[in-house]
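Chains, contacts and geometry: an overview
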Amino acid sequence: MNREVTLPLIVDDRGNLQVAAADVSKLLRMVGGRWLHLVEAGEEGLDEDTVATLTIELAKLADRIDVACIAHSSGGAP
């Protein structure tokens, strides 16, 4: 199954980007890292396999954002 995610970007009335893609990808990685830290610390109610799967998916999404930004900044197609 191919699942696509569209992230609307927040722009002001002049079209200026208000949230940098690098900040979004960093946030996604930080969330996954925090979840892993909580599992390692023995936080109750967190399933280790589920957290691992979600963390991997967040990292993949962050990677896709980074690749799209690199392609855009180098003039290539995403």
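Each remark here, short or long, concerns the structure printed above.
Here is what the cut-offs are and how they apply
Residues numbered from 1 in each chain as written. Predicted model: local features only at pLDDT ≥ 70, side-chain atom pairs only at ≥ 80, totals over all residues. Heavy atoms only, no water. Helix = DSSP H or I, 4+ residues; strand = E, 2+ residues; numbered from the N terminus. Buried < 20%, exposed > 50% of the residue type's maximum accessible area, 1.4 Å probe, protein only. Contact = heavy atoms within 4.5 Å. Areas by Shrake-Rupley, 256 points an atom, 1.4 Å probe, with all protein chains shown as cover. Expected span 1.5 Å × (residues − 1). Patch = residues over 30% accessible without salt bridge, like charges linked within 9 Å, V, L, I, M, F, W, Y side chains within 5 Å. Salt bridge = Lys/Arg side-chain N within 4 Å of Asp/Glu carboxyl O. Lys, Arg positive; Asp, Glu negative; His and termini not counted. Charge placed at Lys NZ, Arg CZ, Asp CG, Glu CD.

On to the overall build of the chain, then. Scanning the chain from N- to C-terminus turns up 2 helices and 0 strands. Burial analysis of the chain (78 residues in total) assigns 15% to the buried set. For the chain, the share of sequence-separated contacts (at least 6 apart) that also reach a separation of at least 24 residues comes to 48%. Of the roughly 6,300 Å² that the chain leaves accessible, carbon and sulfur atoms contribute 58%.

Here the focus is the side chain of T55. Locating T55 in the fold gives a position in helix α2 (residues 48-73). Apart from residues lying up to four places away in sequence, T55 is in contact with G32, W35 and L36.

Structurally, L28 can be placed in helix α1 (residues 21-40). For the pair L28 and E57, spaced 29 residues apart in the sequence, the C-alpha separation amounts to 9.5 Å.

Let's shift gears to α2. For α2, which comprises 26 residues, the first-to-last C-alpha distance of 37 Å matches the rise-based estimate of 38 Å (1.5 Å per residue) to within 8%. Within α2 the residues assigned to the buried category are V51, T55, L58, L61, A62, I65 and A71. Here the buried face of α2 lies against α1.

All right, on to a negative patch on the surface then. A grouping of E40, D47, E48 and D49 is seen on the molecular surface, where their side chains present a negatively charged patch. Structurally, D47 can be placed in the loop between α1 and α2. The partly exposed category is assigned to D47, whose relative accessible area is 43%.

Don't take any of this as a statement about function, it's just geometry.
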